[in-house]
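# Per-entry structural report
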Amino acid sequence: MIPVPAMIRTLLLLLAYPLAAIAAPAGFGTYQDVRAAAKAGPSDFVVFYAGPDWRPETAGVVRALEAPGGRGALSRLTGWASLTAVDLTEENLKKLPERPDFSPYDLPALALADADGRTFAVAEGLTAATLPQALKALAAAIPVRERRDALFEKAKSAKGVGSAKLYGQGLDQLPFRFSAARKDILTEIKKADPDDASGYTFKYTFSAGGFHESVTEKMIAEKKHAELFSLVDRHLRNPVLLPAQRQALLAAKMQAYRSLDDIPKAVATLREIIRIDPQSEMGVGAVQYIRLLTEPVRLAGLEWESGDNRPTWLPMVADVSAKVAEPGTYQIEFRHRDGHTRFRKAALKSGGRQIATDSNPNESNKFTLTVPQSAKGRPIELWVESQGTGWFAGRGEIVVTKEK
């Protein structure tokens, strides 16, 4: 599923219903005033992103924040700002001289920002019950932010690659989505380490989608597979990459092996992706892709659907015992209802043993197979190598007819 950008999702959510603002919790200021005070401090500050009044969670969280001790582990922070559902419309955000750099995905939400207004920790989809734990998690991010800034200060007095590494280690302290937004720090890294010996420029500029479109697909189309493998391997030697970035680079290698129809190496690369993080989205997807590339397609009956097509040649298996009940010669036809699925070598198997074959070198949709006397009374399966084409829309029925 393609993720909807946070700001778009928030706006769609808000536009779907009439808006009425929930009053800000007592003691909360405007975003502009609190940010200005935090900068003068300097100090971190909290932003409460309120949901609209039709969300019961919002009122519950507001009451919890107003209760004695409701601000929990963040009570020592004096800067608390509030933005309501009405404030979060694009029209009103444009009116702010300095708008927030963060757009919540699920309201209500709390965000921590540093003295410069840069968000470094968030808790979204809050309820009154989850608020205390969320406040503790946000409070735990403050010393992390302090370590980040301490590393930035050290980087300023260092030189060359050493400076770049310190800046990069500072960025590494916080979640990637916030650190990747620090274009100012990235500029310093590039300045200190123009050849990217530290690997941090690549780490914080790498786009999996961009690499796929501008590098992987282009080099495969130009048949520069060796160059692609070399490039990916060089990037994989970068010690500062995130696991997800390594998985994305390995996906490029897998795609190249697929284009060469080297299924064993494609599967081996998918297994590397799984080893990095089997629970990640790419790890789970790699497991499914291995099945797609290696496991026979077992039909529930004598029909195949679009989802039964595969990108590479794999056996399609159907139980034909009801149609092939006795020895004899049978015509088997794959009749298309839509699209086109390719078929080649076919066989009948009984008890795992092959009892009849048709090499079908011309990829005909029709086969002639003879069942010997030895298979009488035993379950029989049809095994045929198949491959989807185009948009893999091929579907149809398998017609089995005994010759007289």
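Residues numbered from 1 in each chain as written. Predicted model: local features only at pLDDT ≥ 70, side-chain atom pairs only at ≥ 80, totals over all residues. Heavy atoms only, no water.

### Regarding the sheet that holds strand β1 (residues 45–49)
Applied cut-off: When DSSP finds at least two bridges between two strands, those strands are taken to pair. Strands here mean DSSP runs of E at least two residues long; helices mean DSSP runs of H or I at least four residues long; both are numbered from the N terminus. Convention adopted: a line fitted to C-alpha atoms gives each axis, helices being fitted over their contacting stretch, and angles between N-to-C directions are expressed from 0 to 180 degrees. It only takes one pair of heavy atoms within 4.5 Å for two residues to be counted as in contact.
One open sheet holds the four strands; their spatial order is β2-β1-β3-β4, and the pairing between them is mixed. Lying at the two open borders of the sheet, with one neighbouring strand each, are β2 (80–83) and β4 (119–123). Strand-to-strand twist across the sheet, computed as the mean angle between neighbouring axes with direction ignored, equals 20 degrees. Lying over the sheet, helix α5 (residues 131–157) contacts β2, β3 (109–113) and β4, oriented at roughly 165 degrees with respect to β4.

### Things to note about the packing of aromatic side chains
The condition is simple: Under the pairing criterion, centres of Phe, Tyr and Trp rings, with the six-membered ring standing for Trp, must be within 6.5 Å; the plane angle then separates stacked pairs below 30 degrees from edge-to-face pairs above 60, leaving the rest tilted. Exposure is judged per residue with a 1.4 Å probe applied to protein chains only, and the accessible area is read against the type maximum: over 50% gives exposed, under 20% gives buried, and values in between give partly exposed. Either the NZ atom of lysine or the CZ atom of arginine qualifies as a charge over a ring when it sits within 6 Å of the ring centre and within 35 degrees of the ring normal.
Taken as a whole and judged by the stated rule, the model has 15 aromatic pairs. Considering the side-chain rings of F28 and F48, the 6.3 Å spacing of their centres and the 80 degrees angle between planes classify their relative orientation as edge-to-face. Pair noted here: F28 is in the loop between α1 (6–15) and α2 (31–40) and F48 is in strand β1, with a separation of 20 residues, a long-range link. Neither F28 nor F48 differs from the other in exposure class; each is buried. Between the NZ or CZ atom of R71 and the centre of the ring of W80, over which it lies, the distance is 4.9 Å. The residue whose ring lies beneath R344 is W313, and the NZ or CZ to ring-centre distance is 4.1 Å.

### A few points about the packing of helix α11 (residues 225–236) against helix α12 (residues 243–259)
Basically, it comes down to this: When an angle is under 35 degrees it counts as roughly parallel; over 145 it counts as roughly antiparallel; between 65 and 115 it counts as roughly perpendicular; any other value is oblique. It is the rotation of the near helix from the far one that decides the hand of a crossing: anticlockwise by less than a right angle makes it left-handed, clockwise makes it right-handed. The classification used treats Ala, Val, Leu, Ile, Met, Phe, Trp, Tyr, Cys and Pro as nonpolar, Asp, Glu, Lys and Arg as charged, and all other residues, Gly among them, as polar.
One way to put it is that α11 packs onto α12 with a least axis distance of 10 Å and a crossing angle of 165 degrees. Overall, the two elements α11 and α12 adopt an arrangement that is roughly antiparallel. Remark: the crossing between α11 and α12 carries left-handed chirality. Contacts between α11 and α12 involve H225, L228, F229, V232, D233, H235 and L236 from the former and R246, L249, L250, A252, K253, A256, Y257 and S259 from the latter. Class assignment for the residues of the contact of α11 with α12 results in nine nonpolar, three polar and three charged.

### Description of the domain arrangement of the protein chain
The line we're drawing: Those domain boundaries reflect an automatic or database domain assignment. Summed over both partners, the accessible surface that disappears when two parts come together, traced with a 1.4 Å probe, is what is meant by buried area. Salt bridge, as applied in this entry: a Lys or Arg side-chain nitrogen positioned within 4 Å of an Asp or Glu carboxyl oxygen. Within 3.5 Å is the distance limit for a polar contact, defined as a pair of N or O atoms, with the added protein rule that one can donate a hydrogen and the other accept it, and that residues adjacent in sequence qualify only through two side-chain atoms.
Splitting the protein chain by domain gives domain 1 (16–143), domain 2 (158–202), domain 3 (208–294) and domain 4 (297–402). Between domain 2 and domain 3, the contact holds five residues from the first and seven residues from the second. Here domain 2 packs against domain 3, burying approximately 510 Å² in sum over the two surfaces, 71% of which is carbon and sulfur. Run the count over domain 2 and domain 3 and you get zero salt bridges. Linking domain 2 with domain 3 are one residue pair in polar contact (both at pLDDT 80 or more), by the criterion used here. Its residues assigned to classes, the side of domain 2 that touches domain 3 comprises three nonpolar, two polar and no charged.

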